[in-house]
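Chain and residue survey
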Amino acid sequence: MTISTVGIIGAGTMGNGIAQACAVSGISVVLVDISDAAVQKGLATVSGSLDRLIKKEKITQADKDAALSRIKTSTSYDDLKAAQIVIEAATENYELKLKILKQVDALVAPEVIIASNTSSISITKLGAATSRADKFIGMHFFNPVPMMALVELIRGLQTSDATHDAVKALAERLGKSPITVKNSAGFVVNRILVPMINEAFFVLAEGLATPEDIDAGMKLGCNHPIGPLALADMIGLDVCLAVMEVFLEDFGDSKYRPCPLLKEMVAAGRLGRKTGRGVYQY
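Overview of the structure.

What counts, and where the lines are drawn
Residues numbered from 1 in each chain as written. Predicted model: local features only at pLDDT ≥ 70, side-chain atom pairs only at ≥ 80, totals over all residues. Heavy atoms only, no water. Patch = residues over 30% accessible without salt bridge, like charges linked within 9 Å, V, L, I, M, F, W, Y side chains within 5 Å. Areas by Shrake-Rupley, 256 points an atom, 1.4 Å probe, with all protein chains shown as cover. Salt bridge = Lys/Arg side-chain N within 4 Å of Asp/Glu carboxyl O. Lys, Arg positive; Asp, Glu negative; His and termini not counted. Charge placed at Lys NZ, Arg CZ, Asp CG, Glu CD. Helix = DSSP H or I, 4+ residues; strand = E, 2+ residues; numbered from the N terminus. Buried < 20%, exposed > 50% of the residue type's maximum accessible area, 1.4 Å probe, protein only. Axes fitted to C-alpha atoms, helices over the stretch in contact; angles between N-to-C directions. Parallel < 35°, antiparallel > 145°, perpendicular 65-115°, else oblique. Left-handed = near helix turned anticlockwise from the far one by under 90°. Contact = heavy atoms within 4.5 Å. Arc of directions from axis to C-beta.

1. What to know about a positive patch on the surface
On the surface, Arg52, Lys55, Lys56 and Lys58 cluster together into a positively charged patch. The topology assignment puts Arg52 in helix α2 (residues 36–55). The exposure class of Arg52 is exposed, given its relative accessible area of 51%.

2. Looking at the packing of helix α10 (residues 237–251) against helix α11 (residues 260–267)
Look at α10 against α11: their axes get within 9 Å of each other, and the N-to-C directions meet at 130 degrees. For the element pair α10 / α11, the angle class is oblique. As α10 runs across α11, the sense of the crossing is left-handed. Contacts between α10 and α11 involve Leu237, Asp238, Cys240 and Leu241 from the former and Leu262, Lys263, Met265 and Val266 from the latter.

3. A closer look at α11
Taken as a whole, α11 has its buried residues at Leu262, Met265 and Val266. One side of α11 holds all its buried residues, which, seen down the axis, span an arc of 100 degrees. Exposed side chains of α11 directed beyond 90 degrees from the buried face belong to Glu264 and Ala267.

Take a look at the structure:
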């Protein structure tokens, strides 16, 4: 299958990042969200990101104009019919994703691939809710999408070789380095990363060190580019909590118990950069 148009559901951080990566690579995009305000905000984010690349002399104004011309925004799922693959990039909520996937499945042609950008939910389970489990796959991008090279390709039990190969080829066209992962909660990166972040909250809660020193320790001692607490603020504390809750439920292992401090901060609305305050103030 030749993929010339990618449909993306969700114009938030991940959705607009995927849209930018596709458009810059010469692929047409249909970017859909629930309101015109949401899709316009997503498009504005892409425009601002491309402006930063112009300032760094990585692209030209003509490149930016060409990329933006490839992104069609819409509030109607009907416009997704033009795509050969539809990537769901909605909030990390099982019921919401299920509702969206069932709508898309009923709408697009049988040969269209459907992918989910989920960071923790079972691809086998999501795929089974559609009529095309063999054409369903996880395509987990990392934030910020335009900068991060990795894409995890998660095969559900039913995902066909043809689907995997087509999506792998698409990821490579976007300049990404895909890795193939079996379906399991959190896949590879988040299975390792989010429990580490959760442990950093336990260390903070126990008063072993200040947030600054915890982050400095991991940056200087493990050569991480950003500390786990600052990274949690970037990801969103609510997202970190949601992933840990999925792990605890799916594995039934107490080592995945979310830190009470993390739960408390989410309850207080201190979600990180997006709310102006998390572990740190922004």
